[in-house]
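Descriptive analysis of the structure
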Amino acid sequence: MTDQRSSARRIMAASSVVVAVCAVIVTIKVLNTDPTDVPPDPVVLDPIAVQETVKARIGPKTDRVSCPVYLVAEDDRTFSCTYWVKDIPNTVEVKLSGGQGEISLVT
């Protein structure tokens, strides 16, 4: 019976040491991270606003527009949108400029 209690105490002591060592390691890693190393989040455009802008630039005869859902606002980035006029699909190239999502149609 005494051996069982002694073994249980040793296991508990070893477990406590392991937990303490892990806590120290995590603390050191957190303190050594430099917050300036984290890159800024990219500016992502609202897909509905992009589609509405493209539709306005194409003209009033456009029934609907479909553009990529995830668009990062990068200067000189081009992508394709599909638009429908009387259920006939067409494609237009769109160019982003200025890094803030200014849109122009490529002719």
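In what follows, the accompanying structure is described. (Residues numbered from 1 in each chain as written. Predicted model: local features only at pLDDT ≥ 70, side-chain atom pairs only at ≥ 80, totals over all residues. Heavy atoms only, no water.)

This brings us to the overall build of the chain. Counting its regular elements, the chain contains two helices and six strands. Across the chain, helices and strands are ordered from the amino to the carboxyl terminus as α-β-α-β-β-β-β-β. When its C-alpha atoms are laid out on the principal axes, the chain stretches across 90 × 35 × 15 Å. In the chain, of all internal contacts separated by at least 6 residues, the share reaching a separation of at least 24 is 30%. Counting 11 positive and 13 negative side-chain charges, the chain places the centres of these two groups 10 Å from one another. (Helix = DSSP H or I, 4+ residues; strand = E, 2+ residues; numbered from the N terminus. Contact = heavy atoms within 4.5 Å. Lys, Arg positive; Asp, Glu negative; His and termini not counted. Charge placed at Lys NZ, Arg CZ, Asp CG, Glu CD.)

A separate point is the state of the cysteines. Disulfides are covalent bonds that link the sulfur atoms of two cysteine residues. Applying the stated rule across the entire model yields one disulfide. Disulfide partner of Cys67: Cys81, at an S-S distance of 2.0 Å. An S-S torsion of about 115° defines the bridge between Cys67 and Cys81 as right-handed. Of this pair, Cys67 sits in the loop between β2 (64-66) and β3 (71-72) while Cys81 is found in strand β4 (residues 78-85), placing the two residues 14 residues apart along the sequence. (Disulfide = S-S within 2.5 Å.)

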